[in-house]
Amino acid sequence: MQITLESKAYTSLETEAIVTPVFEGDDPIQGRVAELDKLTGGLLKKLASTGELTGKTLELTLIHAPAGLKAARLLLVGAGKRDQFTVAALRKVAGVGLRSLKSKGVKSFAFLAGGTLPPEDGSQAVVEGLITANFETDKYKTDKKDKKIDSVVLVGFPEGSLSEVRKGIERGRVIADAQNFTRDLVNEPSNKLTPRVLAERAEAMAKESGLAVDILDEKKIADLKMGALLSVAQGSVEPPRMIVVTYTPTNVKPGAPVIGLVGKAVTFDTGGVSIKPADGMEKMKYDMAGGATMLGVMRALAVLKPNVKVIGVVPATENVVDGRAQKPGDIQTAMSGKTIEVLNTDAEGRLILADAIHYAKQLGVTHIVDAATLTGAIVVALANINVGVFGSDQSWTDKLLASAKATGEKMWQLPMDDEYREFIKGSFADIQNIGSGKGGGSITGAWFIREFAGDTPWIHLDIAGTAWNDDAKPWLAKGPTGVALRTLIHLVQSL
Ligand code: BES
Ligand code: ZN
Ligand code: ZN
């Protein structure tokens, strides 16, 4: 999709449609909307008086052949209350506008700036909303219905702000393209995206982006004694991979922090011998969303060039069953030397993260964030609304929560009291991979991973509830969301 900036008056634009936000309040006919009301000879006031135009979040008002405009249509998108308007709301307005028009067969339109957000943040949010909304999960449909928007023109930004707007557009494009790159990987079924294919895709991305890449194959993984990752992989004919992608800034100071981004990439999770129920199992192709997110973040960082070194570490494997698969009660030795009693082969994400985190520390990371579709329990706790956040160092965790707030991604911190650690004390090995207490499944999962992070400041993001939309949203297709990518990019850039 082509996105361009237009400085001429929007009234003179010959386009299929103009989209702009309208704000909720006692009188929605204000600012830009009041201007449009005049142009259309009071039509918008009339609609407001009958309650058809209120500005309520995501309300759509479509006017054909609007008077005073050269555009064929005017689409007003409800943006909620003006004083509660955020980049997240603007992103949705842009996305909803795009998806609504494309469902009508429109190919190009203009987005007319309307709110009071800073121009750079505002244009970035609009572009992010547009590009992520234009993504469809129809890659394997032979009849694609050709529903894509080809081009959007941004118009109506204050004249003195155009250079900032251009920066916002560029940053928005890089971030949204990275998010769609992640979503495309997550959308791939497990027969198309095995651990080896994921590694190839990561390698191609790294080479295109100018990032260093190292793919550890099953032999190297065995040489390094990554027993936890190997224990999950041993039940599959598909060999595992450890994917390492590194971004190094040009003048990094000695002693500066090195960020490790570790992402779970189970390309399919059957549960192993502790097998999952058949109903809904097909969704477990998204069990590599954490890894795909970290690869997307690395792709964006290569362009945004923050002044901090970042290493992405993605352990990739299948969790399936055959005669060689590990069984409940098996004891495995992780790369760190810790022994693990595998009480449930379906708690495999924490096993592969254990070795990935240990390896990241060996590579010199000083701060870690992991992202994983780790537990069904996080869906019980937070539904599909918030990412679960767990941390070992509050000042590091606070930085991430601030980035989540700034980018409008909903994240909620959960407790990590020492009492929960008792739940994973092993009977026959150092630790066990599921809790022996009742409840707190997401927290015991986090504690298991923390055992391998040790003293290195660490954050765990449980994205099991948020990485996949079971239903399409008005601003996003059904399927992979690319959640947490924006927060992580913001976090790295803020350091
Ligand atoms: N990949 C699953 C977690 C998951 C569940 C993601 C539902 C998305 C939706 C993970 O590997 C898993 O199976 N976790 C178990 C842990 C349990 C055995 C302690 C779970 O949540 O049931
Ligand atoms: Zn599992
Ligand atoms: Zn899993």
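Each chain carries its own residue numbering, running from 1 in the written order of its sequence. Numbering of ligands from 1 and lettering of chains from A proceed in the order in which they are written. Totals for whole chains, interfaces and linings use all residues, but because this is a predicted model, local features are given only for residues with pLDDT of at least 70 and pairs of side-chain atoms are given and counted only at 80 or more. In computing side-chain values, all of the structure's heavy atoms are included and hydrogens and water are not.

Colleague: Would you mind going over the overall build of the protein with me for this structure?
Modeller: Each helix and strand in the protein was counted, giving 15 helices and 20 strands. Our radius of gyration looks at C-alpha atoms and nothing else; its globule reference is 2.2 Å times the residue count to the power 0.38. Relative to a compact globule of 495 residues, whose C-alpha radius of gyration would be 23 Å, the protein shows 24 Å and is just as compact. Relative accessibility decides the category of a residue: with a 1.4 Å probe and only protein chains considered, values under 20% of the type maximum give buried, values over 50% give exposed, and everything between is partly exposed. The burial tally for the protein puts 55% of its 495 residues in the buried class. Any two residues whose heavy atoms approach within 4.5 Å are treated as being in contact. By sequence separation, contacts in the protein at least 24 residues apart represent 78% of the contacts at least 6 residues apart. The distance from the centre of the 58 positive side-chain charges to the centre of the 58 negative ones in the protein is 3 Å. Helix and strand definitions here come from DSSP, where helices need a minimum of 4 consecutive H or I residues and strands a minimum of 2 consecutive E residues; each element is numbered from the N-terminal end. Two residue types count as positive, namely Lys and Arg, and two as negative, namely Asp and Glu; His and chain ends fall outside the count. In this description, the location of a charge corresponds to atom NZ of lysine, CZ of arginine, CG of aspartate or CD of glutamate.

Colleague: Just checking my understanding: could you explain the coordination of the zinc ion (ligand 2) for this structure?
Modeller: Each angle at a metal carrying four tetrahedral donors should ideally be 109.5 degrees, and each at a metal carrying six octahedral donors should ideally be 90 or 180 degrees. In this structure, Asp 269 (OD), Asp 346 (O), Asp 346 (OD) and Glu 348 (OE) serve as the protein donors to the zinc ion (ligand 2), at separations of 2.0 to 2.2 Å. Geometry at the zinc ion (ligand 2) is irregular, judged from the six donor atoms that bind it and their angles of 70 to 167° at the metal. Think of the donor list as every N, O and S atom within 2.8 Å of the metal, or within 3.2 Å for Na, K and Ca; water never makes the list, so a site can look incomplete. Sequence positions of the donors to the zinc ion (ligand 2) reduce to the motif D-x76-D-x1-E. A separation of 3.2 Å is found between the zinc ion (ligand 2) and the zinc ion (ligand 3), which are bridged by Asp 269. Placement of the pair is Asp 269 in strand 10 (residues 265-269) and Glu 348 in the loop between strand 13 (339-342) and helix 10 (349-362), with a sequence separation of 79 residues. Across the pair, exposure class does not vary: Asp 269 and Glu 348 are buried alike. Every angle between 85 and 135 degrees makes a four-donor site tetrahedral, while opposite donors more than 155 degrees apart, with all other angles between 65 and 115, make a four-donor site square planar and a six-donor site octahedral; other sites are irregular.

Colleague: It is not clear to me how the sheet that holds strand 4 (residues 73-81) should be interpreted in this structure. Could you clarify?
Modeller: At least two bridges found by DSSP between two strands are what make those strands a pair. Strand order in the open sheet formed by six strands is 1-6-5-2-4-3, with mixed pairing between adjacent strands. The outermost strands of the open sheet, each flanked by one partner alone, are strand 1 (2-6) and strand 3 (60-64). Here the strands of the sheet are splayed against their neighbours by 25° on average, with no regard to which way each runs. Two elements, strand 5 (residues 108-112) and strand 6 (residues 151-155), share five bridges in a ladder whose sense is parallel. If you follow Phe 109 over to strand 6, its bridge partner there is Val 152. Lines fitted to C-alpha atoms define the axes here, with helix axes fitted over just the stretch in contact, and angles between the N-to-C directions of these axes take values from 0 to 180 degrees. Helix 4 (residues 119-134) contacts strand 1, strand 5 and strand 6 of the sheet and is inclined by roughly 165° relative to strand 6.

Colleague: Is there a simple way to think about the coordination of the zinc ion (ligand 3) in this case?
Modeller: At this site the zinc ion (ligand 3) is bound by Lys 264 (NZ), Asp 269 (OD), Asp 287 (OD) and Glu 348 (OE), with donor distances of 2.0 to 2.4 Å. Around the zinc ion (ligand 3), the six donor atoms are arranged such that angles at the metal cover 77 to 172°; this shape is classified as octahedral. If you list the donors of the zinc ion (ligand 3) from N- to C-terminus, the spacing comes out as K-x4-D-x17-D-x60-E. Take Asp 269: its relative accessible area is 2%, and that puts it in the buried class.

Colleague: Can you walk me through the pattern of salt bridges in this structure?
Modeller: Opposite charge on two side chains lets them pair, provided their charged atoms get close. A pair is scored as a salt bridge if a Lys or Arg side-chain nitrogen falls within 4 Å of a carboxyl oxygen belonging to Asp or Glu. Counted by the stated rule, this structure contains 23 salt bridges. When the shortest N-O distance is used, the salt bridge between Lys 139 and Glu 188 registers 2.4 Å. A residue pair is termed long-range when its members are at least 10 positions apart, and Lys 139 in the loop between helix 4 and strand 6 and Glu 188 in the loop between helix 5 (162-187) and helix 6 (195-209) qualify at 49 residues. On the basis of relative accessible area, Lys 139 is assigned to the partly exposed category, the value being 36%. A salt bridge links Glu 451 to Arg 421; the shortest N-O distance between them is 2.8 Å. Placement of Glu 451 in helix 14 (residues 441-453) and of Arg 421 in helix 13 (residues 418-421) is noted, with a sequence separation of 30 residues between them. With relative accessibility at 16%, the residue Glu 451 sits in the buried group.

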